[in-house]
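Okay, here's what each chain looks like letter by letter:
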Amino acid sequence: MSRMKSLYTGTTPDTVEILEIDRPVPGPRDALIRVRACGICGTDVSFVHMGGMPAHAHLGGDIVPVALGHEPAGEVVAVGAEVRGLKAGDRVVVNPQGPNGIIGCGARYGALSEYLLVEDATPGGSLTVLPGDVPFEVASLNEPMAVARHAVNRSEATPDDKVAVFGAGPIGLGTAIWLKLHGVRHVVVVDVIPARLEKALAVGVDAVINSAEDDITARLTELHGQAANTLGQPRPGTDIYIDAAGAAAVFNTVVANAKTHAKLVMVAMQKKGAEIDLGGMLRSELTLIASQGYPTEIFEVTSDLVEHQHRFAQLISHRVPFGEAARAFELALTPGAADKVVVTFGEGAENS
């Protein structure tokens, strides 16, 4: 049987290892993909930091190794006899939510591998063919950009809205890009890292706020005008807040600044619980909206990602060859060292 290399969590926390395992053989309804690029997600980083995941996630238990990666782009090398609408050579992105678990999140295979088995390979369902000549590393943004698109869809933002996005990581900047592509009038991004704020301006947001240096209330009022909460207390005229940072300070800042009928969309995984000022929420009739994953958006974003590939490409800070995966995770594990890290495979892999 042919063999392949695949990346797993290491035997100790904060380490990874490349293992040689059997290359999967596609069944009648499956496809085998040669992976060309795969992004590193915060979920991957969490597994690496823990040294794996609990054997029984809902019960706890021993930590077991995890095959990593769920943001792949690649090309089809073989399809089963019953697969329709797909052929060898097709360039594809994959929906990691497969019939036997989430790829790279406890399922048998991870996408940080030379090859990936896609079960029940159905175009438009488990994977989709890439239009055009988008680079594989940009195509690998499809999954996180679907997360960002769902947050925008959940916000129901209109062109007349004024929006503040907290967090200028890949999800926050992806959210900001989608908002602008949807024609939203004014989008401001808030972060503490100057380089990320510069990138936010480069991808087309209208303004940025450095929350480590600036008075957020004063800046939002300057940018979005003055409004009030239900008690008539002055508040910035921001209509929608999006939390792509996951810090308790963001939630408290939004509650303190929310005007009447403002919305807060939470798309980031919350790092720690926080006391919530329910009275502050009441005084603004703040609507809290949770945004999880991408129920319908996984391939809704693909054609737009291709069309606007040069804008989305700016989200990638590092392209690291698969053989240097340990360095890729070292970057991803170090706060502030990288934005989006993409692992590349095969000829033409870049190193930056």
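Residues numbered from 1 in each chain as written. Predicted model: local features only at pLDDT ≥ 70, side-chain atom pairs only at ≥ 80, totals over all residues. Heavy atoms only, no water.

Novice: Would you mind going over the pattern of salt bridges with me for this structure?
Specialist: Pairing between side chains of opposite charge can happen when their charged atoms approach one another. Following the criterion strictly, the structure yields 18 salt bridges and no others. R149 is the salt-bridge partner of E300, the closest N and O atoms lying 2.9 Å from each other. Pair noted here: E300 is in the loop between β19 (287-290) and α9 (302-307) and R149 is in helix α3 (residues 142-155), with a separation of 151 residues, a long-range link. When its relative accessible area of 33% is taken as the criterion, E300 is described as partly exposed. Its relative accessible area of 6% is what places R149 among the buried residues. (Salt bridge = Lys/Arg side-chain N within 4 Å of Asp/Glu carboxyl O. Helix = DSSP H or I, 4+ residues; strand = E, 2+ residues; numbered from the N terminus. Buried < 20%, exposed > 50% of the residue type's maximum accessible area, 1.4 Å probe, protein only.)

Novice: Would you explain the pairing of strand β14 (residues 207-210) in this entry?
Specialist: Looking along a regular strand, one sees side chains alternate from face to face of the sheet. Taking every second residue as pointing to the same face, both faces of β14 are buried, with A207 and I209 on one and V208 and N210 on the other. Note: strand β13 (residues 186-191) against β14, four bridges, orientation parallel. Counterpart to V190 in the pairing with β14 is I209. (Pairing = 2+ DSSP bridges.)

Novice: Which parts of the structure should I look at to understand helix α5 (residues 194-202)?
Specialist: Because an α-helix packs 3.6 residues into every turn, residues spaced three or four apart end up facing the same way. Of the residues making up α5, those classed as buried are R196, L197, K199 and A200. Summarising the axial view, the buried residues of α5 lie within an arc of 155°, below the 170-degree limit, and thus occupy one face. Seen from the open side of α5, the exposed residues pointing more than 90 degrees away from its buried face are A195 and E198. Packing partners of the buried residues in α5 comprise α4 (170-181), β13, β14 and β20 (316-321). (Arc of directions from axis to C-beta. Contact = heavy atoms within 4.5 Å.)

Novice: Explain the sheet that holds β14 to me, please; I cannot follow it from the model alone.
Specialist: What holds strands together in a sheet is hydrogen bonding between their backbones, with the strands either parallel or antiparallel. Reading across the sheet, the six strands line up as β14-β13-β12-β17-β18-β19 and stay open at both edges, with parallel pairing between neighbours. Among the strands making up the open sheet, the edge pair consists of β14 and β19. On average, adjacent strands in this sheet sit at an angle of 20° to one another, irrespective of strand direction. Relative to β13, strand β12 (residues 162-166) runs parallel, the two sharing five bridges. Of the residues in β13, the one forming a bridge with A164 is V188. (Axes fitted to C-alpha atoms, helices over the stretch in contact; angles between N-to-C directions.)

Novice: Explanation requested: the confidence of the model for the protein chain in the structure shown.
Specialist: The predicted coordinates of low-pLDDT regions are not to be read in fine detail. Looking at the protein chain as a whole, the pLDDT averages 94, with 96% of positions reaching at least 70. For the stretch residues 348-352, pLDDT sits under 50, and the model shows 15 contacts to residues farther than four places along the chain or on other chains. (pLDDT = per-residue confidence, 0-100.)

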